[in-house]
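Chain by chain, the residues:
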Amino acid sequence: MFVQTTGSKAAAAVRIGTGLALRKRAELLELLRPCFARVEPWLQTGKYAAALMSQIRRRNGWSIAEHAGDRTPDKTQRLLGRAVWDTFAAMGVVRRFAVAGLDEAARKTGRRRGLAVGAIDETGQVKQGGRTAGVKRQYLGCVGKVANGINIVHLAYVREQTGHALIGAREWIPAEQISDPARSQAMGLPPGLGFRTKGQLAIDVLAEVFAGGVRLDFVCGDEVYGSCTELREFLEDHDQAYVLRVPSSFRLALASGATLTCRQAAAARLNSRRGWEVRSAGKGSKGQRWYAWAWLGTASARHHLLIRRVCQIFCARGFLLSQYRMFIRSPLLALSDAAVPGLSCCLGKSDLPNRSRTDAACPGFRGVLCYPGRLLPDPLRIAWRPFPSVIKDSRR
């Protein structure tokens, strides 16, 4: 532990925080003991977890071995590759530990009734060579180009204004690797493994989370998961509310009876000055990220389309430019930040220009399919609240 301050209160806070972290890590390690057949892999797990939670600059086999006090990385490699332990049972233990910790933190900060959001997304990781399970040349968001690597579907548990943690994961394995017996055996794939799309992997993760007793107010995801009909039906069968992005070619029946694509619905709403509301999706590297939002009903009382328009709003000392008053003149119906806290983290920070088919087909628009589910007593759970002060000031 390094304390880089002479303030007694700050130094005491660091010591107390460090002690709490050590106690929580020891508590988690004790909970993981039944997942291991032998004590040696369990003890090595404690060293491995301590190295991952430490502040070493580069985490690889040799740096982890040095931190753990091992002469070579052999013990850690054996733990991850050949030791016998129940992987899914360990994931369940970590999941319950993380969810309980976030819920406890929410209660201590007075946010007991804050929303719990499940955010689904895949993460790419660069890998060299061709022997790693699931490795192939594909687009990896971490490097912003096509590269050799793997993709893993993750589920994050996001507690409103408290924190977030990963509580589930499944690796995506290409179909050509599963169908080739020689490659499957060389990569160590389990026999009888079937191909699963990313949407189906999300179903597997969510089914495991629901079976573990974790309750989510909303499930959020990008276009990959919004396009999966099987995933949407799974969530609706479990009466689970969701907010999933859909492509601009997604067809839906509106309340008026007309059947339009998301692009056509957005174009029709663009012709009207009413029906839009400007809200921020959170702070970015260049300040607040302002968008115009519109809410459309469909033929189903439980399905709605939320359109997000990318608009170049320039702020100077807290004032919006006057040409955007067209979105502010009347009280409008829209989802508030409090209603869907995970929307900004799932559909805001990850939305880079020219990243999805939505931008190419209908520039500047995002279509999000909303299913209120069991959470909402009314057809719409809409938050009415005054506009932020920055929007109020723009009317002057």
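Residues numbered from 1 in each chain as written. Predicted model: local features only at pLDDT ≥ 70, side-chain atom pairs only at ≥ 80, totals over all residues. Heavy atoms only, no water.

Moving on: the overall build of the protein. A tally of regular secondary structure across the protein gives 14 helices and 14 strands. Evaluated residue by residue, the protein yields a buried proportion of 44% over its 396 residues. Accessible surface computed for the protein: about 22100 Å², of which carbon and sulfur atoms make up 54%. (Helix = DSSP H or I, 4+ residues; strand = E, 2+ residues; numbered from the N terminus. Buried < 20%, exposed > 50% of the residue type's maximum accessible area, 1.4 Å probe, protein only. Areas by Shrake-Rupley, 256 points an atom, 1.4 Å probe, with all protein chains shown as cover.)

A few words now on the nonpolar core. Side chains of a nonpolar character, in soluble globular proteins, are inclined to be buried together. Core analysis: the biggest nonpolar cluster contains 28 residues, and I120, Y157, L206, L231 and L235 have the highest contact counts within it. Mapped onto this core, the elements with two or more residues apiece are helix 5 (87-108), strand 1 (116-126), strand 3 (145-159), strand 4 (163-172), helix 8 (198-211), helix 10 (229-237) and strand 6 (242-246). Broken down by element, this core gets its largest block of residues, seven residues, from helix 8. Apart from residues no more than four positions distant in its own chain, L206 is found in contact with I120, L155, L216, V219, L231, F234 and L235. Within the second largest apolar cluster, 14 residues are counted, among which are A119, F218, A281 and W295. (Core = buried A, V, L, I, M, F, W, Y, C linked by side-chain atoms within 4.5 Å. Contact = heavy atoms within 4.5 Å.)

Let's shift gears to helix 8. With 14 residues, helix 8 should cover 20 Å at 1.5 Å per step; its first-to-last C-alpha distance of 20 Å lies within 8% of that length. Across the 14 residues of helix 8, 10 count as buried, placing the element largely inside the fold. The complete set of buried residues in helix 8 reads K198, G199, Q200, L201, A202, I203, V205, L206, V209 and F210. Where helix 8 ends, the next residue or the one after it, G213, has phi of about 85 degrees, a positive value. (Expected span 1.5 Å × (residues − 1).)

Moving on: unusual backbone geometry. Within the chain, Q161 stands out as a residue other than glycine whose phi angle is a positive 55 degrees. One can find Q161 in the loop between strand 3 and strand 4. Although it is not a glycine, D239 adopts a positive phi angle of roughly 55 degrees. Mapped onto the secondary structure, D239 falls in the loop between helix 10 and strand 6. Of the residues examined, D239 reaches a relative accessible area of 28% and is grouped as partly exposed.

This part takes up the pairing of strand 10 (residues 287-297). Among the 11 residues of strand 10, eight are classified as buried, and the element is accordingly described as predominantly covered. As paired elements, strand 9 (residues 277-284) and strand 10 share six bridges and run antiparallel to each other. What sits directly across from R279, in strand 10, is Y291. One ladder, built from seven bridges, connects strand 10 with strand 11 (residues 304-310); its direction is antiparallel. Paired with A292 across the two strands is R309, which belongs to strand 11. Connecting strand 10 to the antiparallel partner strand 11 that follows it, the hairpin turn spans six residues. (Pairing = 2+ DSSP bridges.)

Looking now at the pattern of salt bridges. As enumerated under the stated definition, the model contains 12 salt bridges in all. For E27, the salt bridge identified is with K24, shortest N-O distance 3.7 Å. One end of the pair, E27, and the other, K24, are both in helix 1 (residues 8-31), three residues apart, so they sit about a helical turn from each other. Of the charged contacts in the structure, one is a salt bridge between R170 and E208, with a shortest N-O distance of 2.7 Å. (Salt bridge = Lys/Arg side-chain N within 4 Å of Asp/Glu carboxyl O.)

Below, the discussion takes up the environment of E104. In this structure, E104 sits in helix 5. Given a relative accessible area of 29%, E104 falls into the partly exposed group.

Secondary-structure assignment places N148 in strand 3. From its side chain, N148 meets the backbone oxygen of G129 in a polar contact 2.7 Å long. Among all residues touching N148, those that are not within four sequence positions of it are Q125, V126, K127, Q128, G129, V135, K136, R137 and L140. (Polar contact = N/O pair within 3.5 Å; in protein donor to acceptor, adjacent residues only side chain to side chain.)

Attention now goes to the packing of helix 2 (residues 39-52) against helix 3 (residues 61-68). Between helix 2 and helix 3, the shortest axis-to-axis distance is 9 Å and the interhelical angle comes to 110 degrees. One way to sum up the angle between helix 2 and helix 3 is to call them roughly perpendicular. Considering the relative orientation of helix 2 and helix 3, their crossing is right-handed. Listed contacts from helix 3 to K47, Y48, A50, A51 and L52 of helix 2 are I64, H67 and A68. (Axes fitted to C-alpha atoms, helices over the stretch in contact; angles between N-to-C directions. Parallel < 35°, antiparallel > 145°, perpendicular 65-115°, else oblique. Left-handed = near helix turned anticlockwise from the far one by under 90°.)

Bringing helix 2 into the picture now. When the terminal C-alpha atoms of helix 2 are compared, their 20 Å separation across 14 residues agrees well with the 20 Å that a helix rising 1.5 Å per residue should span. P41, W42, Q44, T45, G46, A50 and A51 are the residues of helix 2 that are buried.

A few words now on the environment of G130. Positionally, G130 belongs in the loop between strand 1 and strand 2 (136-140). For G130, a relative accessible area of 49% translates into the label partly exposed. Separated by 18 residues in sequence, G130 and N148 have C-alpha atoms that sit 8.5 Å apart. If we skip the residues at most four places from it in the chain, G130 touches V135 and M187.

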